Amino acid sequence: MSWKANYQHWINYPHLDPTLKQQLQALQDNPAQLEEYFYAPMEFGTAGMRGVIAPGIHCMNIYTVRQATEGLARFMDTLTTNDKQRGVAISFDSRYNSTLFAEEAARVLGQHQIPVYLFDSLRPTPELSFAVRYLQSYAGIMITASHNPAQYNGFKIYGPDGGQMPPKESDLITQYVRAADDVFAISVSDLHEMRQQHLLTMIGEDVDQAYLNEIKSVSIDTNLLQTHAQMRFVYTPLHGTGKMLAERVFRQAGLTNMQLVKEQAILDPEFATVKFPNPEFPETFDLSIRDGKQVAAPVLIATDPDADRLGAAVRQPDGEYQLMTGNQIACVLLEYILSAKQRLHTLPANGVVVKSIVSTEMATKIAQNYQVQMINVLTGFKFIAEQIEQFEATQAHEFLFGFEESYGYLIKPFVRDKDAIQASLLLAEVAAYYKSQNQTLYDGLQALYQKYGYFQEKTFSKSFTGVDGPKRMRQLMTEFRTNNPHEINGTKVVSVQDFQLGQQLNADGSKQKLNLPTSNVLKFWLADDTWIAVRPSGTEPKIKNYVGVSDPTQNGAAEKLAAYSEAVESWY
């Protein structure tokens, strides 16, 4: 149907939610906005669906949440009885309507006689991943828009392994979602009746305790934590779910000097103290820096609202704080994991690290230094989770660490998604290690550069909003794919990896197969080891651009990064 027909279908529905009806009536003289809300359904990307909270088929509201859940329910109806009866675990964050959307999802599942395990209050995304595994449910639903602004919410689906639903199953679910095209015809159950029928079980502290018990295994050298138990840390949950577990994790480890940023420990769906609740943005740390300076904290830690991403800032010799990039945090963690295990004689011969194809190559150098294999996967933590599942099935490798440059890390695979709670605890241990050497995390980062060379990366996005946005993105990706440059910034392109075609084309004309799933990503490798990647975002109307460089000197790396970034900017 056209956007106008979709709009009429909604505005004429006699039982439309009163709040949504009022919002639609207020927009009757704004056809451009209505078109954006109704021109097409939301799509499932690398992290589910995400959109503005508003009426319409392209927005997050009770009807699109019901539709998404109906797709999952119809998919589960095709499973064996045993798998279907394993049920679905549901959690949610601190955003507007998150509790409501979680309950609506539960009501749809109840109509299909699918058992639901619903958290009694907000919990982090990694705990939802853990809950799926702990409860042995077949699937999980997380209501969150991660680090997006306050007007957004989202819906993630997790599979039996606790990882985000992989592409094959996700595609099948999407087909069932599209088949449920009349969102007003989707039936829902009553929550009270579901309790009476034993279809709804409330969960909370029981899962918390199980998660807390597992997270003890994240620490590598507990003597370090005991020796430096009085180290000061400043932590902000950015008004989100990290507040539910982070303090408890630190106390359990014996670290008693974790100081919360009080203003940001308030569960506020407006995220009133920040423009974006994103730990990669410098302004996110303004209040943390204020508190950190008062107590000379060596490390500031921030988790995004659903506590799957972690950002950090380290104290420099002059008392100021320097934000670390996601790649820098990953490299500091990885160097510590491998060196500590080597020191303690616990580094396995078959150890493996997994990272995304757009993450720093410095991590590859670190892994090589310890004779540990590095595996590259597509962007999306589900692909790291798939690797872990294969390792467990074949016993060929022991998982040591996984990460994405976008501030996502996993240390222990009792969770199958990025886990900022685990990362917070390990980062504290790394800080304790450097303190034992009369150094700081800042010193440790500089030592890595001296050891491996200066690696620098930059990620920037180009937005394509509005009805024509997706079309323009497709056109640009086609242009990039059909007009591969022979050189960039005067440096020869030695190979082009096209993950949609599944092949690498080398400058000499030879081709190699890429053993990864197909994905709309291009990666250019240059003669000076620089790499550049472009890909459409899976959750937002953006094309993401990545540039990675290396050089023996800091200034040399910075100059390369600036020059190549400018060259890529000129493509648009």
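That block above? That's the structure.
Residues numbered from 1 in each chain as written. Predicted model: local features only at pLDDT ≥ 70, side-chain atom pairs only at ≥ 80, totals over all residues. Heavy atoms only, no water.

Student: Please provide a residue-by-residue account of unusual backbone geometry, values included.
Tutor: Backbone geometry places glutamine 395, a non-glycine residue, at a positive phi of 60°. Looking at the element boundaries, glutamine 395 is found in the loop between helix H16 (381–394) and strand S14 (398–404). (Helix = DSSP H or I, 4+ residues; strand = E, 2+ residues; numbered from the N terminus.)

Student: Can you explain the pattern of salt bridges? Please cite residues and give values.
Tutor: Charged atoms that come close allow side chains of opposite charge to pair. Under the counting rule described, the total for this entry stands at 28 salt bridges. In this structure, arginine 95 and aspartate 93 form a salt bridge, with 3.4 Å as the shortest nitrogen-oxygen distance. The exposure classification of arginine 95 matches that of aspartate 93, with both residues buried. Residues aspartate 308 and lysine 156 are paired through a salt bridge, measuring 3.4 Å at the closest nitrogen-oxygen approach. Of this pair, aspartate 308 sits in the loop between strand S9 (299–303) and strand S10 (310–315) while lysine 156 sits in strand S5 (residues 152–158); the two residues are 152 residues apart in sequence, bridging distant segments of the chain. (Salt bridge = Lys/Arg side-chain N within 4 Å of Asp/Glu carboxyl O. Buried < 20%, exposed > 50% of the residue type's maximum accessible area, 1.4 Å probe, protein only.)

Student: So what's going on with the sheet that holds strand S11 (residues 321–323)? Which residues, and what values?
Tutor: Ordered in space as S8-S7-S9-S10-S11, the 5 strands form an open sheet in which the pairing is mixed. Sheet topology places strand S8 (258–260) and S11 at the edges, where each strand pairs with a single neighbour. Averaged over neighbouring strand pairs, the angle between their axes works out to 25° when direction is ignored. Note: S9 against S10, 5 bridges, orientation antiparallel. Considered in S10, the bridge of leucine 300 is made with alanine 313. Sheet strands touched by helix H17 (residues 420–436): strand S7 (233–236), S9 and S10. Its angle to S9, the strand with the most contacts, is close to 175°. Against the sheet, helix H18 (residues 441–452) touches S9, S10 and S11, its axis set at about 100° to S10. (Pairing = 2+ DSSP bridges. Axes fitted to C-alpha atoms, helices over the stretch in contact; angles between N-to-C directions. Contact = heavy atoms within 4.5 Å.)

Student: A description of the sheet that holds strand S2 (residues 88–92) should follow, citing residues and the corresponding values.
Tutor: Taken in spatial order, the 6 strands make up an open sheet running S1-S5-S4-S2-S3-S6, and their pairing is mixed. Each having just a single partner strand, strand S1 (49–52) and strand S6 (200–203) make up the two edges of the open sheet. Adjacent strand axes in the sheet meet at a mean angle of 15°, parallel and antiparallel pairs treated alike. Where strand S4 (residues 139–143) meets S5, 4 bridges bridge the pair, whose relative direction is antiparallel. Among the inter-strand pairings, isoleucine 143 is bridged to a residue of S5, identified as phenylalanine 155. Against the sheet, helix H7 (residues 125–135) engages S2, strand S3 (116–119), S4, S5 and S6, with an angle of about 160° to S4.

Student: Before we move on, can you summarise helix H4 (residues 62–77) with the specific residues and values?
Tutor: Its 16 residues give H4 an end-to-end C-alpha distance of 22 Å, which sits within 8% of 22 Å, the value for a rise of 1.5 Å per residue. Most of H4 sits inside the fold, with 14 of its 16 residues counted as buried. You can read the cap of H4 off the contacts: a side-chain oxygen lies 3.0 Å from the backbone nitrogen of tyrosine 63, and it is on asparagine 61. (Expected span 1.5 Å × (residues − 1). Polar contact = N/O pair within 3.5 Å; in protein donor to acceptor, adjacent residues only side chain to side chain.)

Student: Let's hear about the environment of glutamate 283: which residues, and what values?
Tutor: Positionally, glutamate 283 belongs in the loop between S8 and helix H13 (286–295). Using a relative accessible area of 38% as the deciding quantity, one classes glutamate 283 as partly exposed. For glutamate 283 and glutamine 504, which are 221 residues apart along the polypeptide, the C-alpha to C-alpha distance reads 40 Å.

Student: So what about the packing of helix H1 (residues 3–11) against helix H3 (residues 31–38)? Which residues, and what values?
Tutor: As a packed pair, H1 and H3 sit with axes 9 Å apart at the nearest point and diverge in direction by 85°. Accordingly, the angle class assigned to the pair H1 and H3 is roughly perpendicular. Every residue of H3 that contacts H1 at Trp3, Asn6, Tyr7 and Trp10 is listed here: Pro31, Leu34, Glu35 and Phe38. Split into classes, the residues belonging to the contact of H1 with H3 amount to 6 nonpolar, 1 polar and 1 charged. (Parallel < 35°, antiparallel > 145°, perpendicular 65-115°, else oblique. Nonpolar A, V, L, I, M, F, W, Y, C, P; charged D, E, K, R; others polar.)

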